[in-house]
2 protein chains.
Amino acid sequence: MGPSSKSNSVRTKSHSKNPKAIVLFSGGLDSTTCLYQAIQDGYSPIALSFDYNQKHKQELKSAKKITKLLDIPHLIQKLNPEFFQGSSLTEKKIKVPKNSLGHSEIPNTYVPGRNILFLSFGVSLAEGIGAQRLYIGVNALDYSGYPDCRPEFVKAYSDAVRIGTKTGSEGHPLEICTPLQFLDKKEIVLLGSKLGVPFSMTHSCYDPVGGKPCGKCDSCLLRKKGFQEAGVPEK
Amino acid sequence: MGPSSKSNSVRTKSHSKNPKAIVLFSGGLDSTTCLYQAIQDGYSPIALSFDYNQKHKQELKSAKKITKLLDIPHLIQKLNPEFFQGSSLTEKKIKVPKNSLGHSEIPNTYVPGRNILFLSFGVSLAEGIGAQRLYIGVNALDYSGYPDCRPEFVKAYSDAVRIGTKTGSEGHPLEICTPLQFLDKKEIVLLGSKLGVPFSMTHSCYDPVGGKPCGKCDSCLLRKKGFQEAGVPEK
């Protein structure tokens with residue numbers, strides 16, 4: 001992995017000769033595993049994170065530590081507070097549900113259009129700098145039922161990108177990669193373990209209390225389940 | 001049209017009882033016509049603009065004047081400079097082509113993934129605040145051949161949004177409206193004229209010189225053609 005050139009105003013350059021990939025990167029278990037998978041796949045990753053007034057903003061600290069450890073370029077885009085309204089992850093007045101895994105409805109932790117928007121940043125960046133792949137750590141087994149994590153969404157979105165970009169319309173579409181799509185949480189932990197993911201540096205909790213994971217939100221429960229079933233220690 | 005509540009930290013509220021619509025709004029001829037069409041259609045619009053280091057950033061001044069005139073909420077999202085690389089609209093070292101209308105290739109004024117990203121902001125905002133429509137002023141007749149202005153792109157992108165959002169997956173998809181899609185520039189001018197668009201306040205030039213339109217870029221040439229053929233004065 002070549003050193004990142006953070007002094008450059010456009011911090012997307014790397015000295016690596018590997019092809020570039022954009023990785024949507026929250027600093028959580030899934031997206032960190034995805035990032036390590038991109039490296040394993042032979043790509044020089046550029047990590048892309050978002051500051052969207054999320055209650056679990058401390059995930060960005062994890063993201064920064066991990067990209068520093070890997071010495072890779074890391075972009076953080078700030079979004080105006082008007083976006084992503086109506087979610088318990090962004091609005092103080094809406095409480096993050098606890099001990100409610102297994103609900104049949106889409107929970108209020110759903111963030112309107114989040115993956116559509118994050119992927120679209122990835123598309124713009126990828127096409128502009130000539131990256132071949134865009135990684136996103138969605139999965140549709142141990143998840144909260146979000147519509148923008150399902151394979152049919154990724155397929156439809158990929159079609160739109162193929163049709164709506166210059167590279168796509170010229171026959172060289174950006175490849176949207178979802179290596180975790182059909183893994184359950186146990187399998188994600190086992191994959192991360194194999195790839196050397198520094199689990200203790202990742203942050204998953206939606207609603208941290210005094211900087212510590214709450215242990216009761218969907219994200220904490222799914223994470224705990226994954227480590228327990230995989231028989232892998234979190235630290 | 002109710003007064004906008006710009007003092008509110010979330011400037012998306014209006015006192016109008018009309019249903020809400022998001023309008024992607026650059027301050028140019030097309031998107032201004034689109035904005036006026038949204039009002040004509042009975043919607044209370046929220047205008048959404050972007051500061052992306054464009055050479056024609058002065059379009060934002062036009063956008064602000066027009067939303068002030070209409071007294072409607074107006075959001076401007078700033079993008080990091082890393083996005084939208086490789087375009088003559090954003091990079092100083094790449095010149096905006098002049099007198100080159102009618103080229104068969106996609107010109108270097110193409111901005112990677114621009115409409116995908118702008119639409120995605122619109123989707124997030126619309127779903128979060130319960131807006132029913134998202135307007136974008138794309139057209140595919142008198143245009144520069146951008147793949148993200150074509151009806152097949154809008155169709156594919158709408159499909160992805162229907163599948164990937166909560167409202168869409170529950171059977172109430174956001175309607176992406178493209179009232180200019182099949183109009184030529186003459187017809188856009190005639191429509192704008194009928195709707196009362198303040199043409200002199202709009203800005204179209206890609207490469208203004210000392211604040212004045214260059215008169216030679218694709219955008220200036222298409223605009224001039226539209227007004228000439230419509231027999232409507234620009235001012």
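If you're wondering where the values come from, they're calculated on a predicted model, not measured in any experiment.

Chemist: Could you give me a rundown of the interface of chain A and chain B, with the residues and numbers involved?
Modeler: Between chain A and chain B, the residue contacts involve 48 residues of the former and 48 residues of the latter. Taken together, both faces of the contact between chain A and chain B bury some 3,700 Å²; the carbon and sulfur share is 65%. At the junction of chain A with chain B, the criterion picks out zero salt bridges. Where chain A packs against chain B, one counts 19 residue pairs in polar contact (both at pLDDT 80 or more). If you list the elements that add at least two residues to the side of chain A that touches chain B, you get strand 3 (74–78), helix 3 (114–129), helix 4 (151–164) and helix 5 (166–169) of chain A. Residue contributions to the side of chain A that touches chain B peak at 11 residues, all from helix 3 of chain A. Here the side of chain A that touches chain B is built from residues that sort into 24 nonpolar, 13 polar and 11 charged.

Chemist: So what about the side chain of S204 of chain B? Which residues, and what values?
Modeler: All names here are of chain B. Among the structural elements, S204 can be located in the loop between helix 6 (185–195) and helix 7 (218–230). At 2.8 Å, the side chain of S204 and the side chain of R223 are in polar contact. Setting aside residues no more than four positions away along its own chain, S204 makes contact with G28, L29, S219 and R223.

Chemist: Explain the pairing of strand 1 (residues 20–24) of chain A residue by residue, including any values.
Modeler: One face of the sheet, then the other: side chains in a regular strand alternate in exactly this way. Residues and elements named next belong to chain A. Judged by how many residues are buried, strand 1 sits mostly within the fold: four of five residues are covered. Relative to strand 2 (residues 44–51), strand 1 runs parallel, the two being bridged by five bridges. Directly across from L24, in strand 2, lies its bridge partner L48. Chirality of the crossover, the property in question, places the unit of strand 1, helix 1 (residues 29–40) and strand 2 among those that are right-handed.

What counts and how
- Residues numbered from 1 in each chain as written.
- Chains lettered and ligands numbered in written order.
- Predicted model: local features only at pLDDT ≥ 70, side-chain atom pairs only at ≥ 80, totals over all residues.
- Heavy atoms only, no water.
- Contact = heavy atoms within 4.5 Å.
- Buried area = accessible area lost by both parts, 1.4 Å probe.
- Salt bridge = Lys/Arg side-chain N within 4 Å of Asp/Glu carboxyl O.
- Polar contact = N/O pair within 3.5 Å; in protein donor to acceptor, adjacent residues only side chain to side chain.
- Helix = DSSP H or I, 4+ residues; strand = E, 2+ residues; numbered from the N terminus.
- Nonpolar A, V, L, I, M, F, W, Y, C, P; charged D, E, K, R; others polar.
- Buried < 20%, exposed > 50% of the residue type's maximum accessible area, 1.4 Å probe, protein only.
- Pairing = 2+ DSSP bridges.
- Right-handed = clockwise from strand over helix to strand, strands pointing away.

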